[in-house]
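# Fold and contact review
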Amino acid sequence: MGWDALWTNVKLATMAEAGYGAIRDGAIAVADGRIAWIGQRGDLPAPLARTVRVLHDAGGLWLTPGLIDSHTHIVFAGNRAMDFEMRLNGADRAAIYAAGGGIPSTVLKTRAASFETLLAEALPRIDSLQAEGVTTVEIKSGYGLDMETELRQLRVARRIGETRPLSVVTSFLGTHGMPPGWAGTQDSYIDFVCAESLPEAVRQGLVDIVDGGLEKLAFDHAQMRRVWDVAQRLGKPIKAHTDQYSDAGGGKVVAEVGGLSADHLECVSRPSVDAMARAGTVATVLPGANYTLRDENKPPIGWFRELGVPMALSTNCNPGSSPTASPLLMMNMACTLFMMTPEEALAGFTRNAARALGLQDSHGTLEVGKAADFALWRVGDLAELSYWLQTGRLCAGIVKGGRSVPFQPAIR
């Protein structure tokens, strides 16, 4: 069987092992949307190379796995510039909420927005991600906190995957917080999520993963375990927002229930990190929120390294704490704020991001049989991906399923 496309004169960062897994004079071939061959250019099988349908001379560019943004809230309406300004003028979280800001304000705006409005607002953010090498994105609900809007957000996420050459993984986040105007208790809202909104979203085929807010300001262990029990009975993997504002013991709970990842983790405890290491739970770190909130706590990168906990990295694109759709800026912030290395930052958007979404068998590294999703880079050294603050011209193009993708005009 012949190859559909072949890239030569290319430097490859396979990300398939510790370090970059670099092949500096490489070639990579694609058939039926998957990697069919990869290696040194001098080792190309001559008969197959001669019959390839499309030959690309990459001009010495670096080629990496397509980036994976494994934690986003990219479908929302409006913005939270008011929160940003109030915070800079000294207001705390309670004052911002009392003034009509915070997550409830985005919930109300998102509830009022139509499907078409949410899609129109989300697509420029998606285009910005693709312009910086993203080929797979996770998109959460969580700005509805009612049945109708949660389902609408997830439908918009599915439509994004139909509108753009992009793989979309959806996460149900009906426990992002308590809904505005809810008349009952936290336990009664969990009853609603477990009995109504989550099962209906799964029934409609809108859910790939179930996320949850396990924080002292959100929901406790017992409440989240109830949601995750339902998720797992419905055949869905789980993850959590946890240990961001205080040590809620969430990393340990997520590990105990076999979760894919625990996300944020500025205040995670050593016993939780130990449990994550034993379970293989990914630590997803989110420097955009840490930067925007001026958080003095930092995820314990040293513990993650010491215990071999995989570290994913994401934009966490959202209107309140991480208003960005720039994975490369997040790589820089991870290095400058968290002291991650450039290699760890790139791994955080490739092989470890794939693990955080349960996609490690098909995405995240350049290996035969995996999806032919690539990003091409105008850099001499891979550390430049984390080094430059002006990132707009670094990505020379992306390849999705073996086919080159023309960039949409990105609006930031």
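Residues numbered from 1 in each chain as written. Predicted model: local features only at pLDDT ≥ 70, side-chain atom pairs only at ≥ 80, totals over all residues. Heavy atoms only, no water.

## Some details on the packing of helix 5 (residues 115-131) against helix 6 (residues 147-163)
Spelled out, the test is: Axis lines are fitted to C-alpha atoms, over the contacting stretch for helices. Their N-to-C directions set the angle, which ranges from 0 to 180 degrees. Secondary structure elements follow DSSP: runs of H or I no shorter than four residues count as helices, runs of E no shorter than two count as strands, and numbering proceeds from the N terminus. Here is the rule for angles: anything less than 35 degrees is roughly parallel, anything more than 145 is roughly antiparallel, 65 through 115 is roughly perpendicular, and the remaining ranges are oblique. With the far helix as reference, a near helix turned anticlockwise by less than a right angle produces a left-handed crossing, and one turned clockwise produces a right-handed crossing. The criterion used for residue contact is that any of the two residues' heavy atoms lie within 4.5 Å. Think of it as three bins: nonpolar holds Ala, Val, Leu, Ile, Met, Phe, Trp, Tyr, Cys and Pro, charged holds Asp, Glu, Lys and Arg, and polar takes everything else, Gly as well.
Running from N to C, helix 5 and helix 6 point in directions that differ by 50°, and their axes come no closer than 10 Å. Judged by the angle between their axes, helix 5 and helix 6 are oblique. Handedness of the helix 5/helix 6 crossing: right-handed. Contacts from Phe115, Leu118, Leu119, Ala122, Leu123 and Ile126 in helix 5 reach Arg152, Arg155, Val156, Arg159, Ile160 and Thr163 in helix 6. For the contact of helix 5 with helix 6, the per-class residue count stands at eight nonpolar, one polar and three charged.

## A look at the pattern of salt bridges
The following threshold applies: Should a side-chain nitrogen of Lys or Arg be within 4 Å of a carboxyl oxygen of Asp or Glu, the pair is scored as a salt bridge. Only protein chains enter the accessibility calculation, which uses a 1.4 Å probe. A residue is then buried if its area is under 20% of the maximum for its type, exposed if over 50%, and partly exposed in between.
Scanning the model with the defined rule gives 21 salt bridges in all. Close ionic contact of Asp25 with Arg41 constitutes a salt bridge, the shortest N to O distance being 3.0 Å. In this pair, Asp25 is assigned in strand 2 (residues 22-31) and Arg41 in the loop between strand 3 (34-40) and helix 1 (46-51), connecting sequence segments 16 residues apart. The partly exposed category is assigned to Asp25, whose relative accessible area is 35%. Accessibility expressed as a relative area gives 33% for Arg41, which makes it partly exposed. A salt bridge links Arg305 to Glu344; its shortest N-O distance comes to 2.7 Å. Taken together, the positions of Arg305 in helix 12 (residues 301-307) and Glu344 in helix 14 (residues 342-348) put the pair 39 residues apart, joining distant regions of the chain. Its relative accessible area of 39% is what places Arg305 among the partly exposed residues. Since its relative accessible area comes to 14%, Glu344 is described here as buried. Members of the salt-bridge network, linked through shared partners, are Glu138, Lys140 and Asp211.

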